[in-house]
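Examining the three-dimensional arrangement
So the chains spell out like this:
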Amino acid sequence: MWKIIGLILLAALMLLMIAGIGLRLYLSRRPDRGRLEKRIDAKIEKWLRAATPATAVIVVIKDGKTWVKSYGPVAATADTLFQIGSVTKVFTALLVHRLCDAEELRMDQTLGERIGSTYPLAPRAATITLRELATHSSGLPGIAKSIADALNNLVGEAGVMVDPYSHFDRDTMLAYLANPQDLSPPGRFLYSNYDMGLAGHVLELRTGKSYEGLLKEHIFTPARDAR
């Protein structure tokens, strides 16, 4: 009986895969009748009404043609530079995985193993693993209160969101680990800017390369060459 059920499920999965491939081919060959721009307009305008006034640039590339449109109070183009923000977290987690795949690191390695000989670490901080950093489950706060307070004093509340971490060097950021006051128990998801920034510093210290250099070597250059 279980064998028959398994065959039925396999057949259903194959049908879904065939249907998905067919839909993709259908959509890729379907002519653009101007509906995409209208749908994008509606989505972006709804977002702009609900959010703090902001500027967005949408770029669509299809059939060798590029369509660019700007939205919001400030005129922008495809060449306008935006603050990249938390997109870097995806890059950092991918770098961790790439270096683990290359056996330069291991997911179960702790901060004590990786940076304990260079930076003083509280016993609890020393047990945090790369896996916990890459999955926001280390228990580290979103941003350490002592660092947040120092930043507010330095640039004021209005300046906090303008490239805030450029105001501190790596040693200042990692000094928090010697006496972390606001750690939570590990193993539970807790979105953390400090957590992922720390992962980036660990990668730099392990490889002796800059974060920018690691991005070029392991992500951007391979992506460009694969085109």
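Residues numbered from 1 in each chain as written. Predicted model: local features only at pLDDT ≥ 70, side-chain atom pairs only at ≥ 80, totals over all residues. Heavy atoms only, no water.

1. Points about the packing of aromatic side chains
Evaluation of the coordinates by the stated rule reveals 2 aromatic pairs. With a centroid separation of 5.4 Å and 90 degrees between ring planes, the pair formed by Phe91 and Phe220 is classed as edge-to-face. Taken together, the positions of Phe91 in helix H3 (residues 87–101) and Phe220 in helix H10 (residues 211–225) put the pair 129 residues apart, joining distant regions of the chain. Ring centres of Tyr176 and Tyr194 lie 5.1 Å apart, and the angle between their planes is 75 degrees; this geometry places the pair in the edge-to-face category. With a gap of 18 residues between them, Tyr176 in the loop between helix H8 (170–175) and helix H9 (193–207) and Tyr194 in helix H9 connect regions that are remote in the sequence. Residue Tyr176 shares its accessibility class with Tyr194, and that shared class is buried. (Phe/Tyr/Trp six-rings, centres within 6.5 Å; stacked < 30°, edge-to-face > 60°. Helix = DSSP H or I, 4+ residues; strand = E, 2+ residues; numbered from the N terminus. Buried < 20%, exposed > 50% of the residue type's maximum accessible area, 1.4 Å probe, protein only.)

2. Thoughts on the pairing of strand S1 (residues 56–62)
Two elements, S1 and strand S2 (residues 65–71), share 7 bridges in a ladder whose sense is antiparallel. Within S2, the residue paired with Ile58 across the bridge is Lys69. The hairpin turn running from S1 into S2, its antiparallel successor, is 2 residues long, and Asp63 in that turn takes a positive phi close to 55 degrees. (Pairing = 2+ DSSP bridges.)

3. Concerning the pattern of salt bridges
Scanning the entire structure with this criterion turns up 9 salt bridges. Salt bridges here are not isolated pairs; linked through shared partners, they connect Glu37, Asp41 and Lys69. (Salt bridge = Lys/Arg side-chain N within 4 Å of Asp/Glu carboxyl O.)

4. A word on H3
One full turn of an α-helix is made of 3.6 residues, so residues set three or four places apart face in the same direction. Between its terminal C-alpha atoms H3 stretches 22 Å, which fits the 21 Å expected from 15 residues at 1.5 Å a residue. Along H3, the residues that are buried comprise Lys89, Phe91, Thr92, Ala93, Leu95, Val96, Leu99 and Cys100. Packed against the buried residues of H3 are helix H6 (130–134), H9 and H10. Positive backbone phi, at 65 degrees, marks Glu103, one or two positions downstream of H3. (Expected span 1.5 Å × (residues − 1). Contact = heavy atoms within 4.5 Å.)

5. Let's talk about the confidence of the model for the protein
The share of residues in the protein with pLDDT of 70 or more is 85%, and the mean pLDDT across the chain is 82. Below pLDDT 50 for its whole length, residues 1–16 participates in 0 contacts with residues either more than four positions away or in separate chains. Within the model, pLDDT remains below 50 along residues 18–23, and this stretch shows 0 contacts once partners closer than five positions in the same chain are excluded. (pLDDT = per-residue confidence, 0-100.)

6. Things to note about the side chain of Glu204
Position of Glu204 relative to the elements: it lies in helix H9. Given the relative accessible area of 17%, Glu204 is considered buried. At a separation of 2.7 Å, a polar atom in the side chain of Glu204 contacts the main-chain amide nitrogen of Tyr211. With sequence-adjacent residues up to four places away left out, Glu204 is seen in contact with Arg170, Lys209, Ser210, Tyr211 and Leu214. (Polar contact = N/O pair within 3.5 Å; in protein donor to acceptor, adjacent residues only side chain to side chain.)

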